[in-house]
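Observations on the three-dimensional arrangement
Chain residues, written in single-letter form:
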Amino acid sequence: MDDAPVERGHVGGRLRGSAAALGRPRFRDVIAGLVTGLFSIPEGMAYASIGGFNPVAGLYSGIVSTIVGSVLARTVLMVTTLTSALALSSRSVLTDAGLDPADPANVAALALVVGLVMLIFGLLKFGSIMNFVSNAVMTGFTTGIALQIIAGVIGDATGYRPDSHNTIGKFIDAFAHISSWALAPCLVALATVAVWGVFRLVKPLEAFATLIALVVVTVGVAALQIDVETVGDIASIPNALPPFVVPHFAAMPELLVGGLAVALVGLAQAAGISAAVPNPDRSRPSTSGDFVSQGAANLAGGFFGALPTGGSLSRTGVAVSAGAQTRWAGIFAGVWLAALVLVAGSLAEVIPMPVIGGLILVIGAELVTGRWSDIRLVLRTAPLSAVAMLVTLAATTQLPLHTAILIGAITSLVLYCVKASQAAALIGLTRSAEGHWLVGPVPETVDSNAVTVLQYSGVGLFAEVPRIDEEWPRVADSNNAVVVLGMRTLPDVPSSKVLKSLQRWASELRDRGGRLIVAGASPATVKVLHEGGLMDVLGADGIVPASDRVFGAVEEAVRRGEEWIAAR
């Protein structure tokens, strides 16, 4: 059987999974799409429910958005749909803006704002910004989201709804009033978890465990006539395709900041999918390309009743485990879900809410356990990162979610800057008898009438300067000393503080009859040094541009320094 992927497009001799190369679907894509579409019924409704939205919106979020996202995604197996984090953050944004989350026009307006942000980020090639969200911050965020998920279904699973408005408070309130828990919903939720656990142990049925638990317990509750709240008590599900929704355009300006936060949630979640699920045709994924696909998915889905959507690791995992081979699996998932809603959508009204609560408890617990190894690793090996993780976790559980997202992003940036400044260093270079360059310590002082070679290791960040100052050798007792400073690793635009420090170091040497020669500067750095006035103290030949040969610029700078000393 030929299982080779068919999504092929030759660009520069490489295979690419582009949107233009849909290829032909495989039978396994049809089956994977059916399984994913079926799974989208309980999960989509559950996620919309924990976000405080109409569960029907969770169904609709897996139709148009999923189809459009799968057509355009550069991570070809990624399924774009509603996630728990997006549901929770969307609710928070709409509430803080004073907009009714139950109004489909408000939801559509938010989806359009999120889609525009994602699309602009993708077109501007901002995919690299995801590299600045640290693993520690994402661990704290996803763990906090998991706790929010569990806290959000306490009422459905126990029959008691906590009064607290923050996650930790809900747990404390619920366990302080355990005597108020209703027996029937508790038993139904426990039965759901038990059935799920049993079928998770059956390998061929592992991917269907959630769906089986949903059907089996729902049938059991109906047969035994157990009196619990059902989906039908919350919302009516018509046997119809998603209706066309006119967004509340006037509300969009109020949603810009919150929409940015929601977009960052979706993009951060999706960015991890390409690493976890590589393209079957070995084509290179594009984070910016995935931004574009998710933006288009939200722009299209917003007009058809969908909540803000993004790449879903759980739904992608279901598709992959069911045998997905091409992007057609995601397309079929949306098509199958539309067909199921059209033919038998009203049947979902009989699903007991404690069943959805039990399934969400399982999903939340899986998210926590899935991050447990990362939590332990961060706590054991990186104290500063552990602080960032705990700050993000606390913010996620105690503050509005979009505020926590921005705090997490700022924490990531601060953590990067601290790490970068700590990594900055000067390295001493000496030449062996054979002519090789050897790495050694930075001398405490520079020798008179001699060339001292140093290498700047850093990213040109202003916070690095105090560290470099501490390591810079003393020049007070020198005479006619030349310092060659290799700067090949410096970025094209160093900070102004770095430029001022270079000017100061050069002036100190010049005042004692010596000089500083900068070696290995890129053309852009040379331009910045010229514009920064460095030539006044370095001299006309005080900068040696980078060459193709490793240490070529350093050797040329040493030659110039030795000639300069000899001429003195």
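Residues numbered from 1 in each chain as written. Predicted model: local features only at pLDDT ≥ 70, side-chain atom pairs only at ≥ 80, totals over all residues. Heavy atoms only, no water.

Under the annotation held in an unreviewed UniProt entry, the chain carries the name STAS domain-containing protein and is attributed to Mycolicibacterium hippocampi. Under Subcellular location (unreviewed entry), UniProt gives the following word-for-word description of the chain: "Membrane". (UniProt positions renumbered as here; feature names shortened; annotations may be inferred.)

Residues Leu116, Ile120, Leu124 and Phe126 make up a contiguous nonpolar surface patch of roughly 340 Å² in combined accessible area. Within the fold, Phe126 resides in the loop between helix H5 (104-123) and helix H6 (135-152). (Patch = residues over 30% accessible without salt bridge, like charges linked within 9 Å, V, L, I, M, F, W, Y side chains within 5 Å. Areas by Shrake-Rupley, 256 points an atom, 1.4 Å probe, with all protein chains shown as cover. Salt bridge = Lys/Arg side-chain N within 4 Å of Asp/Glu carboxyl O. Helix = DSSP H or I, 4+ residues; strand = E, 2+ residues; numbered from the N terminus.)

The next thing to look at is the environment of Gly51. Residue position: Gly51 is located in the loop between helix H1 (27-50) and helix H2 (55-60). Put simply, Gly51 and Leu88 are 37 residues apart on the chain and 4.6 Å apart in space, counted from C-alpha to C-alpha. Not counting the four nearest positions on each side in its chain, Gly51 is found in contact with Ala87, Leu88 and Arg91. (Contact = heavy atoms within 4.5 Å.)

Under the definition given, this model contains 7 salt bridges. Between Asp156 and Arg161 there is a salt bridge, and its shortest N-O distance comes to 3.1 Å. With a relative accessible area of 47%, Arg161 lands in the partly exposed category. One connected set of salt bridges, linked through shared partners, spans Glu556, Arg559, Arg560 and Glu563. (Buried < 20%, exposed > 50% of the residue type's maximum accessible area, 1.4 Å probe, protein only.)

Here we take up the packing of helix H4 (residues 84-96) against H5. Packing of H4 against H5 leaves a shortest axis separation of 11 Å and a crossing angle of 110°. For the element pair H4 / H5, the angle class is roughly perpendicular. Of the two elements, H4 crosses H5, and the hand of that crossing is right-handed. Facing Ser90, Val93 and Leu94 of H4, the residues of H5 in contact are Asn106, Val107 and Leu110. Classifying every residue of the contact of H4 with H5 by side-chain character gives 4 nonpolar, 2 polar and no charged. (Axes fitted to C-alpha atoms, helices over the stretch in contact; angles between N-to-C directions. Parallel < 35°, antiparallel > 145°, perpendicular 65-115°, else oblique. Left-handed = near helix turned anticlockwise from the far one by under 90°. Nonpolar A, V, L, I, M, F, W, Y, C, P; charged D, E, K, R; others polar.)

Burial within strand S8 (residues 482-486) is extensive, with 5 of its 5 residues counted as buried. Burial along S8 is two-sided: Val482, Val484 and Gly486 and Val483 and Leu485, pointing in opposite directions, are all buried. Of the strand pairs in this sheet, strand S7 (residues 451-457) and S8 are connected by 5 bridges, and their pairing is parallel. When the bridges of S8 are listed, Val451 appears paired with Val482. As paired strands, S8 and strand S9 (residues 515-521) are joined by 5 bridges and run parallel to one another. Bridge pairing in S9 links Val482 to Arg515. (Pairing = 2+ DSSP bridges.)

Tracing the chain through its elements places Thr411 in helix H18 (residues 401-423). A polar contact is formed between the side chain of Thr411 and the backbone oxygen of Ile407, at a distance of 2.7 Å. The contacts of Thr411, once residues within four sequence positions are left out, are Val137, Ala388 and Val391. (Polar contact = N/O pair within 3.5 Å; in protein donor to acceptor, adjacent residues only side chain to side chain.)

Should the pLDDT be low somewhere, the predicted coordinates at that spot are not to be read in detail. Considering every residue of the chain, the mean pLDDT works out to 84; 92% of them sit at 70 or more. Every residue in residues 1-20 scores below 50 in pLDDT, and together they form 46 contacts with partners more than four places removed in sequence or on other chains. (pLDDT = per-residue confidence, 0-100.)

It is worth spelling out the side chain of Thr230 at this point. As for its position among the elements, Thr230 is in the loop between helix H10 (209-224) and helix H11 (231-234). Among all residues touching Thr230, those that are not within four sequence positions of it are Glu349, Val350, Ile351, Pro352 and Met353.

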